[in-house]
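# Summary of structural features
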Amino acid sequence: MAVDELQAIIQRCQILEEADFKGEDFNLFLVAGQKCLEDGYAAQLLEVIKNEKNKVIIKNMGWNLVSPLVRCIFIYKQEDEKREYCLNILDQLVQLCNPKELFLGLLEQIEQTSADQVCQMVMLLLQPLQTVLLKLQNKKAYSVGLALAMIMNQLTPLPVPHTKQQIQEDKLGVCQCCNAVVDFAKPFVNEVVKNMEKSSEYNDVELKEELLKFCMKSLKYPLLTAQLEELEGIEEHPFRHFATKIIDILWDMRELIPLVFSHTKGKSPHWENQEFADMEQKNSADSLACLSYLMFVQHFGIDFFPVVFSPSYLLQCNMTHIEVLLKRTEESVLSKGLDLLESCLLRIEDDSLLHQYLEFRVFINVPQDLVKIMTLCPIEHLRKKSLDILQLFINKFDAEGKYTLFRCLLKTSNHAGVEGYIIKNIKDQIHLSLTKAREDVWFTGHQLISLLDLVLLLPEGAETDLLQNSDRIMASLNLLRYLVIKDCESDNKTGVWTVLAKIEQNFLKPLHVGLNMSKAHYEVEIKNKKENRREAPSSNRVCSVTVSGEKMPAMTTEMQLQVLHSALFTFDIIESVLARVEELIEVKIKATMDKN
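Keep in mind the model is a prediction, meaning the values are calculated, not measured.

## Section: the overall build of the protein chain
Within the protein chain, the secondary structure is distributed over 25 helices and four strands. In the protein chain, which comprises 596 residues, the proportion classed as buried is 49%. Across the protein chain, the fraction of contacts at a sequence separation of at least 24, relative to all contacts at a separation of at least 6, is 74%. A total of about 30,200 Å² of accessible surface is found on the protein chain, and carbon and sulfur atoms cover 50% of it.

What follows is the structure in structure tokens.
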């Protein structure tokens, strides 16, 4: 019987001194204890462990029982009496065993758990782990850091619940587990705070640094990807509750405000491997970006924040974090980046942001990132929001800032739709300048002519793909039409009449040639398609067609003809506006000549 075997081993060890225990004794104790648990004799094993005579044996050998004990706890159902005995055994081991050995045994269980059970395992062992760590005298900071790192590393691969239903169900236990881990860390935070209050120069920084690492990891997982908006029907949002606790820890340790205003914090480990160094820097950047989002968008810890900084300075501080978030592809992270940028911009008055801010590289990178989201992101509402925020970003700058941004985006966007949008913005700024009592030097005269050189031209001359560039071309023609109508040749405030010959040479004439070539090409295509349709009466025959250099999905002949006719219609519109612009130029020149 398993209990008899265990008693025999116990009696043998009782007569030995602690120093005389051998490896064989440890193995025999483990095998006998494991057999007791597996055969259902947990109650008898508990009595053996509680026996005062066996205290020394349990202190040295008891930690070996952690693995079989945990297995049995998971096997037995919640209401099973044997499970309760196993939990009592675990409590006894925590009280009696060597803390260092038991600590490693408990961590090993968490490390070896499968992903679907890791949250249950962590929830089971958090209290024993906390008790053991509080008993440790040497290397407590290192052990606390090791425990927190191990737990977070095991949780990180688990998917973060996003929808209301997922959060409520919490199938894997991520929401519950994350909040339990913060509670687990609380006594150690209190220890740090107590020591800091005793002395203004707190020298024992190791434990504080380990807790700071935990907070940084928590900001990256789960908070960076978590949905943190208030949800109707959920009284206490688990991730909002978790975020509040993390912010409170940072504040208690006097690290919240320094972190908000720094891109790196604490001692960065020296990695000989550059790949590891880059990974550490990226993780830190993600965490700090999430912290800024929590404070400035969700207003966690905002009551601690000093109200002395200008909105433009706060934008400058957050731009690096915004860039980090906008570089990501996950919907929840991109949304955080857009929300953080929007929140910072809404605090700033229109036309008040100085152009000197554009000397910081990040102020150029962020609008370029917005353009990438507008043109490449597969999620429609994020594309629309990026467009709105780009306009908001433009609106905040002074005239020179807007001018610089327009030049930059025209050169870098490589997207006709975006270029057309920027050209429309240029037209709006010219209109404001012409209707003001005092002209704006950046959107009239020599500065404007320099900008028009980028606008009123075809990228590849007459051979430019007019269909692909139609948005840009239409915006350019509308701008030119506006300039001709609003600015008389005699006034020439914009300077457009000075460079009219150059505009005709670089833009209008090549556009005429390009239109004639494009229309002729598409008319031939339509003719060929119609002839092919007559030869093959089945109009449902599927073929492929290439438009603007891109191969379209397989289409019937009728569908292809519709696409080709649509292209011709676009050319007709461009040609109509072009004719109107040339007519206006001719009328204005004639009127000036008649007047003279």
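## Brief notes about the nonpolar core
Counting 196 residues, the largest nonpolar core has Leu-155, Leu-294, Leu-341, Phe-363, Leu-477 and Leu-511 as its most contacted members. It is helix 11 (residues 174–198) that provides the largest number of residues to this core, a total of 14 residues. Setting aside residues up to four positions removed in sequence, Leu-341 forms contacts with Leu-315, Met-319, Ile-322, Val-366, Leu-370, Ile-389 and Phe-393.

## Overview of the packing of aromatic side chains
Within this structure, the stated rule accounts for 16 aromatic pairs. Of the aromatic side chains, those joined through ring pairs into one cluster are Phe-261, Phe-296, Phe-305, Phe-309 and Tyr-313. Positioned over the ring face of Tyr-293 is Lys-336, at 5.4 Å from the centre of the ring. Here Lys-427 stacks its cationic end above the ring of Tyr-482, 5.4 Å away from the centre of that ring.

## What about the packing of helix 7 (residues 99–111) against helix 8 (residues 118–135)?
Packed helix pairs are characterised by how far apart their axes lie and by the angle those axes make with each other. Two elements in contact, helix 7 and helix 8, have axes whose closest approach is 10 Å; the angle formed by their N-to-C orientations is 160°. By the angle between their directions, the pair helix 7 and helix 8 is classed as roughly antiparallel. Here helix 7 and helix 8 pass one another in a crossing that is left-handed. Together, Pro-99, Leu-102, Phe-103, Leu-106, Leu-107, Gln-109 and Ile-110 of helix 7 and Met-121, Val-122, Leu-125, Pro-128, Leu-129, Val-132, Leu-133 and Lys-135 of helix 8 make up the contact between the two elements. A per-class count over the contact of helix 7 with helix 8 returns 13 nonpolar, one polar and one charged.

## Points about the pattern of salt bridges
Within this structure, the stated rule accounts for 24 salt bridges. Notably, a salt bridge pairs Asp-286 with Lys-220, separated by 2.7 Å at the nearest N-O pair. A residue pair is termed long-range when its members are at least 10 positions apart, and Asp-286 in helix 15 (residues 274–296) and Lys-220 in helix 12 (residues 206–223) qualify at 66 residues. Taking relative accessible area as the criterion, Asp-286 reaches 3% and is therefore assigned buried. Glu-583 is the partner of Arg-580 in a salt bridge, and the nearest nitrogen-oxygen pair spans 3.4 Å. One end of the pair, Arg-580, and the other, Glu-583, are both in helix 25 (residues 557–595), three residues apart, so they sit about a helical turn from each other. Taken together, the shared-partner salt bridges in this structure form one network comprising Lys-220, Asp-286, Arg-328 and Glu-330.

## Here's the deal with the packing of helix 21 (residues 416–435) against helix 23 (residues 470–486)
Two elements in contact, helix 21 and helix 23, have axes separated by 7 Å at closest approach and are oriented at 15°. Considering their axes alone, helix 21 and helix 23 lie roughly parallel with respect to each other. Note that helix 21 runs across helix 23; the crossing there is left-handed. The segment helix 21 lies against helix 23, with Ala-416, Gly-417, Glu-419, Gly-420, Ile-423, Ile-426, Lys-427, Ile-430, His-431 and Leu-434 engaging Asp-471, Arg-472, Ala-475, Ser-476, Asn-478, Leu-479, Tyr-482, Leu-483 and Lys-486.

## Thoughts on the side chain of Gln-130
In this fold, Gln-130 is placed in helix 8. Gln-130 has contacts with Asp-183, Phe-184, Pro-187 and Phe-188, leaving out every residue within four places of it along the chain.

## Things to note about the state of the cysteines
Inspection of every chain in the model, using the stated rule, returns zero disulfides. For the unlinked cysteine Cys-72, the closest cysteine sulfur is that of Cys-86, found at 5.1 Å. Since its relative accessible area comes to 6%, Cys-72 is described here as buried.

Parameters and conventions
- Residues numbered from 1 in each chain as written.
- Predicted model: local features only at pLDDT ≥ 70, side-chain atom pairs only at ≥ 80, totals over all residues.
- Heavy atoms only, no water.
- Helix = DSSP H or I, 4+ residues; strand = E, 2+ residues; numbered from the N terminus.
- Buried < 20%, exposed > 50% of the residue type's maximum accessible area, 1.4 Å probe, protein only.
- Contact = heavy atoms within 4.5 Å.
- Areas by Shrake-Rupley, 256 points an atom, 1.4 Å probe, with all protein chains shown as cover.
- Core = buried A, V, L, I, M, F, W, Y, C linked by side-chain atoms within 4.5 Å.
- Phe/Tyr/Trp six-rings, centres within 6.5 Å; stacked < 30°, edge-to-face > 60°.
- Lys NZ or Arg CZ within 6 Å of the ring centre and 35° of its normal.
- Axes fitted to C-alpha atoms, helices over the stretch in contact; angles between N-to-C directions.
- Parallel < 35°, antiparallel > 145°, perpendicular 65-115°, else oblique.
- Left-handed = near helix turned anticlockwise from the far one by under 90°.
- Nonpolar A, V, L, I, M, F, W, Y, C, P; charged D, E, K, R; others polar.
- Salt bridge = Lys/Arg side-chain N within 4 Å of Asp/Glu carboxyl O.
- Disulfide = S-S within 2.5 Å.

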